[in-house]
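# Summary of structural features
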Amino acid sequence: QVQLVESGGGLVQAGGSLRLSCAASGSIFSINAMGWHRQVSGKQRELVATIRKDGSTNYADSVKGRFTISRDNAKNTVYLQMNSLKPEDTAVYYCLMRVVKRSQLEYAIWGQGTQVTVSS
């Protein structure tokens, strides 16, 4: 089966930066869209950023201009560079990949989540 492993979360002061990584392993033919979502306890999970196979991106308005999503197709990895972090960015961040198997079927696979905490 396909596994996504996230890393890069942690504690940071407001105004600081973090870089999240999410690497896929297993039986993968290709990966279409990749993205990041975040969730605060008691609230709905929300989209942060997505990147398509052609490199096109979109961002939530709340992170636009501060966060940058990128991907390395050779490494089956998606990144989220987070700059100018704010306390309201505090959440568990989950990566998502739309993985294509040899059967040509596409599956949405989630990472385990990584905690980002921004202190004020």
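Use the structure listed above.
Here's a quick rundown of the structure. (Residues numbered from 1 in each chain as written. Predicted model: local features only at pLDDT ≥ 70, side-chain atom pairs only at ≥ 80, totals over all residues. Heavy atoms only, no water.)

## Comments concerning the sheet that holds strand E8 (residues 77–82)
Here we have 4 strands laid out as an open sheet, ordered E1-E3-E8-E7, and antiparallel in their pairing. Edge positions in the open sheet fall to strand E1 (3–7) and strand E7 (67–72), since each of these has one partner strand only. On average, each strand axis in the sheet is inclined to that of its neighbour by 15°, with strand direction left out of account. Pairing of E7 with E8, which is carried by 6 bridges, proceeds in the antiparallel orientation. What sits directly across from Phe67, in E8, is Met82. (Pairing = 2+ DSSP bridges. Helix = DSSP H or I, 4+ residues; strand = E, 2+ residues; numbered from the N terminus. Axes fitted to C-alpha atoms, helices over the stretch in contact; angles between N-to-C directions.)

## A look at the side chain of Ser21
Here Ser21 shows up in strand E3 (residues 18–25). Look past the residues within four positions of Ser21 in its chain and what remains in contact with it is Val5, Glu6, Ser7, Trp36, Val78 and Tyr79. (Contact = heavy atoms within 4.5 Å.)

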